[in-house]
Amino acid sequence: MNELLLVLLLFVGLLGVYVVVVFLYKDILKEIKNSIKPLFLKVDITTNLITDLMFSVWQLDKNINKIKATDKEINTRTIDSTFNKIKNIFKTLGFESIDYTNKKFNEGLNVDIVATNKVNNTIEPYIKETIEPTILYKGNIIKKAKVIVEMTGDTK
């Protein structure tokens, strides 16, 4: 009987050691998997930051277009390609910018008027220049455009 009790105690002891080893093995295995698995940083980019970035890209594009208009010998194919890639990234993220330059102006347009020029040779009001574009996120305005409007009037 003592031998049976001794065998039983030995078995229970070995079972206990086995359980401890299994739990330790699972923890060690989990630790190894986590150390091998690449960790991705979750970056929180604010809407204001993306809005500022979009405005800067728009401004840079506008300035480069002025340079292209004055110097026809400049090869801008790579610049245009880069701008198209950047614009596609913004579009994929749900962002869009609208430039109203040379577009017809109406009172219902959701823009901030910075200045109004009255000239005699204009038939209907139009936006002479966009100072800052409208920036949309998934179709919703997050920043209104700032524009200069030209309309018919006396220049005196």
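Look up a bit, the structure's there.
All of the points below concern the structure found in this document. A quick note: this is a predicted structure, and the numbers were derived from the prediction, not measured. (Residues numbered from 1 in each chain as written. Predicted model: local features only at pLDDT ≥ 70, side-chain atom pairs only at ≥ 80, totals over all residues. Heavy atoms only, no water.)

Grouped together as the largest cluster of nonpolar side chains are 8 residues: Ile-50, Met-54, Val-57, Ile-64, Phe-83, Phe-90, Phe-95 and Ile-135. Mapped by element, the contributors of at least two residues to this core are α2 (47–70) and α3 (77–93). Ranked by the residues each element gives to this core, the list is headed by α2, at 4 residues. Excluding residues that lie within four positions of it along the chain, Phe-90 makes contacts with Ile-50, Leu-53, Met-54, Val-57 and Phe-95. (Core = buried A, V, L, I, M, F, W, Y, C linked by side-chain atoms within 4.5 Å. Buried < 20%, exposed > 50% of the residue type's maximum accessible area, 1.4 Å probe, protein only. Helix = DSSP H or I, 4+ residues; strand = E, 2+ residues; numbered from the N terminus. Contact = heavy atoms within 4.5 Å.)

A few words now on the sheet that holds strand β6 (residues 145–152). With respect to topology, 3 strands assemble into an open sheet ordered β2-β6-β3, the strand pairing being mixed. Across the chains shown, the open sheet's two edge strands, defined by having one partner strand only, are β2 (111–119) and β3 (126–132). Sheet twist, expressed as the mean angle between neighbouring strand axes with direction ignored, is 25 degrees. Sheet topology places β3 next to β6; 5 bridges connect them, and they run antiparallel. Bridge pairing links Glu-129 to Ile-148 in β6. (Pairing = 2+ DSSP bridges. Axes fitted to C-alpha atoms, helices over the stretch in contact; angles between N-to-C directions.)

Across 3 bridges, the pairing between strand β4 (residues 134–137) and strand β5 (residues 140–143) is antiparallel. Its bridge partner being in β5, Leu-136 is matched across the sheet by Ile-141. What sits between β4 and β5 in their antiparallel hairpin is a turn of 2 residues, with Lys-138 showing a positive phi close to 50 degrees.

From the geometry alone we can't say anything about function, so treat these as descriptive.
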